[in-house]
Amino acid sequence: MNLTDIREVKALLTHHGFHFSKSMGQNFLIASWVPSDIAAASGADKDCAVLEIGPGIGTLTQELAVRAGKVVAIELDTALPAILRETLSGFPHVEIISGDVMKMDLPRLVSDKFSGHTPIVCANLPYNITTPVLTRLLEAGCFRSITVMVQREVARRICASPGSSDCGAFSLFCQYHAQCSFLFEVPPDCFLPAPKVTSAVVQLIPRTVPPVAGSQDAIFAVIKAAFSQRRKTLLNALSAAYGNRYSKEDLRQIILDCGLSESVRGEKLNLEQFARLSQRL
């Protein structure tokens, strides 16, 4: 079955009585080059086991199954496994798990299902869960690479340089845990139904060693404080967060001692500067 032929896809969905769920952010790929290019970009091969989140009707899953030694796909919509059993019937090394990825123990899943393979992630993520899912995948610390399609604006934020308008706390979180690359864009007409936004594929290669020294919790406490009041200067943002421990003059001096201007905004700092600031605080 050609899952990028819109007529075959519509016939398949009608046969199973399937209805799209807006709450689950369901948009199925119907342009053949997209799943092929995503799967190729993931680097999946016979030595790899791929975790896919939200396989839909299995368009990307098929491409991954051709390349990988094993594919484990997690699907939340209880109406889709029956369709997946049909579309993936020719791939015995694909396993479909019904459930919510946000409630699963990912390291244990990898240990149980991916033995003897290199674990990677490749998925067309539902837009409404992109940030929490990526957070869990990075914090799991058990994947060699994470290649995902997300909303273009989110992709830009993930890969944004410090000081740019796209950079935020989530940008720094991703870049602390991984090397992040913006790969390519995917227009709305590649999906059924077509979303109102452009998508993009990003790749995150988890780091084996943090890029900066210091306590991760302390670093991200400062980052959270700096971006919680983004329009304020770093001094005023830190005063709001640390005012019970330091006077404003103390905080001004700490900022100056870190080689920063007292009028700088937190969005201008990079990870190294946040790490230095957290050590002083």
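Residues numbered from 1 in each chain as written. Predicted model: local features only at pLDDT ≥ 70, side-chain atom pairs only at ≥ 80, totals over all residues. Heavy atoms only, no water.

Engineer: I would appreciate a short explanation of the overall build of the protein chain in the present structure.
Structural biologist: Of regular secondary structure, the protein chain possesses twelve helices and nine strands. In terms of principal-axis extent, the alpha carbons of the protein chain reach across some 70 × 40 × 30 Å. The buried share among the 281 residues of the protein chain stands at 49%. Expressed as a percentage of contacts within the protein chain between residues at least 6 apart in sequence, the contacts between residues at least 24 apart total 68%. (Helix = DSSP H or I, 4+ residues; strand = E, 2+ residues; numbered from the N terminus. Buried < 20%, exposed > 50% of the residue type's maximum accessible area, 1.4 Å probe, protein only. Contact = heavy atoms within 4.5 Å.)

Engineer: Please explain the sheet that holds strand β4 (residues 94-98) as it appears in this structure.
Structural biologist: What links the strands of a sheet is backbone hydrogen bonding, and the strands pair in either a parallel or an antiparallel sense. One open sheet holds the seven strands; their spatial order is β4-β3-β2-β5-β6-β9-β7, and the pairing between them is mixed. The two strands at the open ends of the sheet, each matched to only one other strand, are β4 and β7 (178-186). Strand after strand, the sheet turns through a mean of 20° between neighbouring axes, direction not considered. In terms of strand pairing, strand β6 (residues 146-151) meets strand β9 (residues 199-206) through six bridges, oriented antiparallel. Bridging from a neighbouring strand, Ile146 pairs with Leu204 of β9. Strand contacts of helix α2 (residues 33-42): β5 (118-124), β6, β7 and β9, with the helix running at about 165° to β7, the strand carrying the most contacts. (Pairing = 2+ DSSP bridges. Axes fitted to C-alpha atoms, helices over the stretch in contact; angles between N-to-C directions.)

Engineer: Sorry, what's going on with the packing of helix α8 (residues 169-177) against helix α9 (residues 216-228) here?
Structural biologist: In a packed pair of helices, the relevant descriptors are the angle between the two axes and the axis-to-axis distance. Put simply, α8 and α9 touch, their axes get as near as 10 Å, and they point 160° apart. In terms of their interaxial angle, α8 and α9 are classed as roughly antiparallel. As α8 runs across α9, the sense of the crossing is right-handed. Note on element contacts: α9 touches α8 through Gln216, Ile219, Phe220, Ile223 and Phe227, opposite Ala169, Leu172, Phe173, Tyr176 and His177. Counted by class, the contact of α8 with α9 contains eight nonpolar, two polar and no charged residues. (Parallel < 35°, antiparallel > 145°, perpendicular 65-115°, else oblique. Left-handed = near helix turned anticlockwise from the far one by under 90°. Nonpolar A, V, L, I, M, F, W, Y, C, P; charged D, E, K, R; others polar.)

Engineer: Honestly, the packing of helix α6 (residues 130-140) against α8 in this entry has me stumped. Any pointers?
Structural biologist: For the pair α6 and α8, interaxial distance at closest approach is 10 Å and the crossing angle is 25°. Here α6 lies roughly parallel to α8, going by the angle between them. Handedness of the α6/α8 crossing: left-handed. Contacts from Thr131, Leu134, Thr135, Leu138 and Glu139 of α6 reach α8 at Phe170, Phe173, Cys174 and His177. Per-class residue counts for the contact of α6 with α8 are five nonpolar, three polar and one charged.

Engineer: In this structure, what is going on with the environment of Val202? I would like to understand it.
Structural biologist: Here Val202 lies in strand β9. Val202 gets classed as buried once you look at its relative accessible area, which sits at 0%. Along the backbone, Val202 and Arg152 are 50 residues apart, and their C-alpha atoms lie at a distance of 9.3 Å. The residues contacting Val202, other than those within four sequence positions of it, are Ile146, Thr147, Val148, Val150, Ala155, Ile158, Cys159, Ser181, Phe182 and Leu183.

Engineer: Teacher, can you tell me more about the packing of aromatic side chains here?
Structural biologist: Each aromatic ring pair is described using two quantities: the centre-to-centre distance and the angle formed by the ring planes. The tally for this structure, following the rule as stated, stands at eight aromatic pairs. Their ring planes at 45° and their centres at 5.0 Å tell us that Phe20 and Phe28 sit as a pair that is tilted. Given the relative accessible area of 33%, Phe20 is considered partly exposed. For the pair Phe170 and Phe173, a centre-to-centre distance of 6.2 Å together with 15° between the ring planes defines the contact as stacked. Taken together, the residues Phe170 and Phe173, both in helix α8 and three residues apart, mark about one turn of the helix. Of the two residues, Phe170 and Phe173, neither departs from the other in class, the shared state being buried. The rings of Phe170, Phe173, Tyr176 and Phe220 are connected pair by pair, giving a single aromatic cluster. (Phe/Tyr/Trp six-rings, centres within 6.5 Å; stacked < 30°, edge-to-face > 60°.)

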